[in-house]
Amino acid sequence: MTATVKKVERVVPDLAMKAYVPAILEGLGVTTRHFVQNLGNLVSGRKKSKRGTEEIATIRYPDEKREYPPRYRGHHRLMRREDDQVRCVACFMCSTACPANCIYIEAGEHEDPTIEKFPVRFDIDHLVCIYCGMCEEACPCDAIRMDSGEHTKPKYSRTDQRVHLVDLLERGGPSIAKQGGRFS
Amino acid sequence: MPTLKINDQEVTVEQGTTVLKAAAETGVEIPTFCYHPGLSAPANCRMCLVEIDGGRGPQLMPACYTQAGEGMDVKTDSPTTKDAQKSVLEFILLNHPVDCPICDQAGECTLQDHYFDYSAQPSRLRHTKVHKPKVKVLGPNIVLDAERCILCTRCVRFCDEVTETHELRVTQRGDHSEITTFPGLDLDNKYSLCTADICPVGALTSRGFRFKARVWNNKRTKSVCDQCARNCSTFVDTLRNDVKRVSPRTNEEVNSWWACDEGRTAFKKYQEGRYLKGVISHEGTTNELAPSDSYHRLGSQLSQTVEAHGGEAVGILIHPSWSNEDIFVAAQFAMEAGFSLYVGGRATDGYEDNILIRGDKNANRYGMNLILEAMGVKHGGVDSLAAAIEAGTIRTLLILDGEHALPESVITSIGQVEKVIALAAWQTPILDAAHVIAPTRLVYERGGTFVNFEGHIQRFHKTQMHDVNILSPWHALSTIARAGGWDMQYDRISDVFAGMAEMVPRFAGLAYQELPDDGVTTVQAASTGAV
């Protein structure tokens, strides 16, 4: 790909710009116009313009919350099997794919030989995580997802930002994906 | 001496060489599963099928079994060969569970590698796969997953040909075939973990290493086993400063392809009771001490004793499992200061075989004897130490490494010694009597050289590090000597080795940095070197 270069004409300031005050008054004018318009729309309750665009750009946070788009990568969750056990088999694919190295897993021996391996520890450090979504991309079991639609909340300590298996499982729901490939 | 063509490249090989080895000589790799250089070749996996024209027209023959013949035309990349490889892999993978996410072999699996190199096609099977037992414990160290097994019978042949213990056998027929132990037998021989190494897939895996780490996360370092006088070449795999696994490194001069279970699991005993700080015990209370302070404490203790009672009042107990460098520095220190030198060491369990395991459980007795002889240091055994303690001539005893098998007479009389000081890496019962303990590195955390019972010198490398302030034994001894006012100027291990090579004729001409991975024989070095 070749880079395209666009030459921008240098603005030569005229006397009005050099005098400074007229430009400030112009800016204040824009702000005042928006303020009056918004105030009018708010009082009359009009939210959409005739063209369908939003008339008021802001929302009344925190009373009103903006919904995240469906593909938003938020707080991780660990999905569950039909019998509510963790789907994760501790294969370390997510922690291997993780570019930030924020996933710490310890594997354990499951008493059911058909499951065999499961995580006894699964920690994600949300201060280290860069929310790139590589972990859910790498997961062969549909075990880790980032589709909770929640951003990570601020906490009072660094250690609280390290979320553990229990917390991740609580957010997770059942997954209907077939575990272990297409054919048994 | 037949001359044959491999991919249109002529090569002349010894009579009796297999096509596989002839191809390897020309740099052509033929994929295999059941072939192992240390075992017989049954040619049952069919992965090494290549198109060979021996005069009767091209036909597919197993390269691991077919001997190279005059005028043979071998084609390893012809469409027929490639098709055969692809078909064999499809057949092998037919009932394979493909549970790589939970399989410990993933990452070092021959089936994975060959699949990506020679097949890379999806399964065409539309029926239920044959299911076999999973997580079947075969012995104290090995667990079997029969579904993953490709029936190469490497493990069966290992138990038949190498250990000659005959525990394993293939039972049933066709796709119901499975590896199992004979009724009433466990896969419990001294080399059972080797079956997990040679298993090309994840059918046999180590119980000790099971689910401990994924292999690609491990850091692999070349090392040498210090658990007996054989000095097997090993790989030490570490993860976050913890040894996870020790596996044999091919070295035909020393251990071929194998290593014993005992040596490979020995790292576990060092994980408990590590000394990461110096320890001072005084009238029942113990205090911790920074490592560097503890070395100074030992140095001043030694110089005090020498000033008050002379050098012979200090006994120094060295360990024949320490590296040449450690022993050399200890011996030089003892000579300079006039200490009495005693040799301790691990006790033998009386077992010895003609595969690998030696009765002498000390890694470097041969090297120690070479050094002590060349330097002309007077030394005694643990019995003369007992006599010296009994006679009261020893005022301060410096124990180097806590892993000594001491006779009852020493253990009971050790309390009579005024000061017992030690330089050790981990806690052992004999160190309970020590007043000051300075920490040192484990064999996995330091570099050095060992000489095995046949006079073969090998270098081992540093794998992990807990604290850089904890020094290797030779460095710690050098620091202790300096703290006590003696002249000991060793700061680099290559300098120690150079000093040693100057003094010990059998090491003449060797340089620490230039020692090859497989080591060299000191016996040869003596005959070829300047005498």
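Predicted model, so just to flag it, every value in this text is computed and none were measured. (Residues numbered from 1 in each chain as written. Chains lettered and ligands numbered in written order. Predicted model: local features only at pLDDT ≥ 70, side-chain atom pairs only at ≥ 80, totals over all residues. Heavy atoms only, no water.)

K.L.:
Where do I start with the overall build of chain B in this structure?
P.N.:
Tallying secondary structure elements over chain B gives 14 helices and 24 strands in all. Dimensions of chain B, computed from the C-alpha atoms along their principal axes, are close to 90 × 55 × 35 Å. Of the contacts made within chain B by residues no fewer than 6 positions apart, 66% connect residues no fewer than 24 positions apart. Roughly 22400 Å² of accessible area belongs to chain B as shown, and the carbon and sulfur atoms make up 49% of that amount. Within chain B, the 66 negative side-chain charges are centred at a point lying 6 Å from the centre of the 51 positive side-chain charges. (Helix = DSSP H or I, 4+ residues; strand = E, 2+ residues; numbered from the N terminus. Contact = heavy atoms within 4.5 Å. Areas by Shrake-Rupley, 256 points an atom, 1.4 Å probe, with all protein chains shown as cover. Lys, Arg positive; Asp, Glu negative; His and termini not counted. Charge placed at Lys NZ, Arg CZ, Asp CG, Glu CD.)

K.L.:
For this particular structure, what's the right way to read the packing of helix α8 (residues 324-337) of chain B against helix α13 (residues 493-503) of chain B?
P.N.:
Residue and element names in this part refer to chain B. Viewed as axis vectors pointing N to C, α8 and α13 meet at an angle of 70°, and their least axial separation amounts to 10 Å. Between α8 and α13, the angle is such that the two are roughly perpendicular. Judged by residue contacts, N324, E325, F328, V329 and Q332 of α8 engage I493, V496, F497, G499, M500 and M503 from α13. Counted by class, the contact of α8 with α13 contains seven nonpolar, three polar and one charged residues. (Axes fitted to C-alpha atoms, helices over the stretch in contact; angles between N-to-C directions. Parallel < 35°, antiparallel > 145°, perpendicular 65-115°, else oblique. Nonpolar A, V, L, I, M, F, W, Y, C, P; charged D, E, K, R; others polar.)

K.L.:
Looking at this structure, how should I read the packing of aromatic side chains?
P.N.:
Ring pairs (aromatic) are described by centroid distance and by the angle formed between their planes. All names here are of chain B. Evaluated as defined, the whole model comprises 13 aromatic pairs over all chains. Aromatic pair Y115 and F116: ring centres 5.3 Å apart, planes at 75°, arrangement edge-to-face. Y115 sits in the partly exposed class, given a relative accessible area of 22%. F116 gets classed as exposed once you look at its relative accessible area, which sits at 60%. Measuring from ring centre to ring centre gives 4.8 Å for F158 and W258, while their planes differ by 65°; the resulting arrangement is edge-to-face. Of this pair, F158 sits in helix α4 (residues 154-162) while W258 sits in the loop between β13 (242-248) and α6 (261-265), and the two are 100 residues apart along the sequence. Grouping residues by exposure puts F158 and W258 together as buried. Each member of the aromatic cluster is reached from another via a ring pair, and the members are F158, W257 and W258. (Phe/Tyr/Trp six-rings, centres within 6.5 Å; stacked < 30°, edge-to-face > 60°. Buried < 20%, exposed > 50% of the residue type's maximum accessible area, 1.4 Å probe, protein only.)

K.L.:
Could you clarify how one ought to interpret the pattern of salt bridges in this entry?
P.N.:
It is possible for side chains bearing opposite charge to pair when their charged atoms get close. All chains considered together, the criterion is met by 36 salt bridges over all chains. Note that A:E106 and A:R121 form a salt bridge whose closest N and O atoms lie 3.9 Å from each other. Taken as a pair, A:E106 in strand β2 (residues 103-109) and A:R121 in strand β3 (residues 117-125) lie far apart in primary sequence, 15 residues in all. Residue A:E106 is classed as partly exposed on the basis of its relative accessible area of 31%. Taking the relative accessible area as the measure of exposure, A:R121 reaches 34% and is therefore partly exposed. Note that B:E90 is salt-bridged to B:R124, the shortest N-O span being 2.8 Å. Separated by 34 residues along the polypeptide, B:E90 in helix α2 (residues 79-92) and B:R124 in the loop between α3 (110-119) and β6 (136-137) bring together distant segments of the chain. Judged by relative accessible area, B:R124 falls into the exposed class, the value being 61%. Through salt bridges with shared partners, a single ionic network connects A:E109, A:E116, B:D99, B:K134, B:D145, B:E147, B:R148 and B:R210. (Salt bridge = Lys/Arg side-chain N within 4 Å of Asp/Glu carboxyl O.)

K.L.:
Even after reading the chapter, I still don't get the side chain of B:K244, so can you show me in this structure?
P.N.:
As for its position among the elements, B:K244 is in strand β13. What B:K244 contacts, discounting residues up to four positions off in sequence, is B:F209, B:K212, B:A213, B:N218, B:D237, B:T238, B:L239 and B:F267.

K.L.:
Whenever I open this one, the interface of chain A and chain B confuses me. Can you help?
P.N.:
One frequent convention defines the size of an interface as the accessible area lost when the parts assemble. Listed per partner, the contact involves 17 residues of chain A and 17 residues of chain B. For the pair chain A and chain B, the two sides together bury roughly 1500 Å², of which 59% comes from carbon and sulfur. Along the contact surface separating chain A from chain B lie three salt bridges. A:E116 is the salt-bridge partner of B:R148, the closest N and O atoms lying 3.7 Å from each other. Secondary-structure elements contributing two or more residues to the side of chain A that touches chain B are α3 (93-97) and β2 of chain A. Taken together, the residues that form the side of chain A that touches chain B break down as 11 nonpolar, three polar and three charged. (Buried area = accessible area lost by both parts, 1.4 Å probe.)

K.L.:
Which parts of the structure should I look at to understand the sheet that holds β13(B)?
P.N.:
All names here are of chain B. As summarised here, the arrangement of the three strands in space is β11-β12-β13, forming an open sheet in which the pairing is antiparallel. Each of the sheet's edge strands pairs with one partner strand only, and the pair in question is β11 (219-224) and β13. Taking the axes of each pair of neighbouring strands and ignoring which way they run, one obtains an average angle of 30° across the sheet. Bridge analysis of β11 against strand β12 (residues 233-239) gives six bridges, and the strand direction is antiparallel. If you follow T221 over to β12, its bridge partner there is V236. (Pairing = 2+ DSSP bridges.)

K.L.:
In this structure, what is going on with the environment of A:D147? I would like to understand it.
P.N.:
All names here are of chain A. Topologically, D147 is positioned in the loop between β4 (144-145) and β5 (162-163). Take D147: its relative accessible area is 35%, and that puts it in the partly exposed class. As for D147 and K18, which are separated by 129 residues in sequence, their C-alpha atoms are 52 Å apart. Discounting chain neighbours no more than four positions away, the residues touching D147 are Y72 and R77.

K.L.:
Any chance you could explain the side chain of B:E403 here in plain terms?
P.N.:
Residues and elements named next belong to chain B. The topology assignment puts E403 in the loop between β19 (396-400) and α11 (408-413). Within the structure, E403 has its side chain in polar contact with the side chain of K269 (distance 3.0 Å). At a separation of 3.2 Å, a polar atom in the side chain of E403 contacts the side chain of Y270. In contact with E403, not counting residues within four places along its chain, are K269, Y270, H319, G345, R346, W426 and T428. (Polar contact = N/O pair within 3.5 Å; in protein donor to acceptor, adjacent residues only side chain to side chain.)

K.L.:
I tried to follow the nonpolar core on my own but got confused; where do I start?
P.N.:
Soluble globular proteins tend to bury their nonpolar side chains together. Residue and element names in this part refer to chain B. Residues L302, I318, F333, F339, L400, L477 and F507 are the most contacted members of the largest nonpolar core, which totals 54 residues. Among the elements that make up this core, the one with the highest residue count is α8 (eight residues). Ignoring anything within four residues of it in the chain, the contact list for L302 reads V314, F333, F339, T396, L398, I421, I480 and W486. Core analysis: the second largest hydrophobic core is formed by 43 residues, L49, L138, V201 and I357 among them. (Core = buried A, V, L, I, M, F, W, Y, C linked by side-chain atoms within 4.5 Å.)

K.L.:
I tried to follow the sheet that holds strand β10 (residues 204-206) of chain B on my own but got confused; where do I start?
P.N.:
Sheets are built from strands that pair by backbone hydrogen bonding, the pairs being arranged parallel or antiparallel. Residues and elements named next belong to chain B. The sheet built from three strands is open, its strands ordered β6-β7-β10 with antiparallel pairing. Edge positions in the sheet fall to β6 and β10, since each has one partner strand and no second. Relative to strand β7 (residues 142-144), β6 is paired through two bridges, and the arrangement is antiparallel. Of the residues in β7, the one forming a bridge with K136 is L144.

K.L.:
I keep staring at α3(B) and nothing clicks. Help me out?
P.N.:
One turn of an α-helix holds 3.6 residues; hence residues three or four places apart share an orientation. Residues and elements named next belong to chain B. Among all positions in α3, only L111, H114 and S119 are buried. When α3 is viewed along its axis, its buried side chains cluster within an angular range of 75° and face the same direction. Looking at α3, the residues exposed on the side facing more than 90 degrees away from the buried face are F116 and D117. Packing partners of the buried residues in α3 comprise α2. (Arc of directions from axis to C-beta.)

K.L.:
How do you make sense of α4(B) when you look at a structure like this?
P.N.:
Residue and element names in this part refer to chain B. In terms of burial, α4 is largely enclosed, as seven of its nine residues are buried. The complete set of buried residues in α4 reads R154, C155, V156, R157, F158, C159 and V162. Where the residues of α4 are buried, they touch β8 (168-171), β9 (178-181), α5 (193-198) and β10. Of the residues trailing α4, E164 is marked for its positive phi of about 55°.

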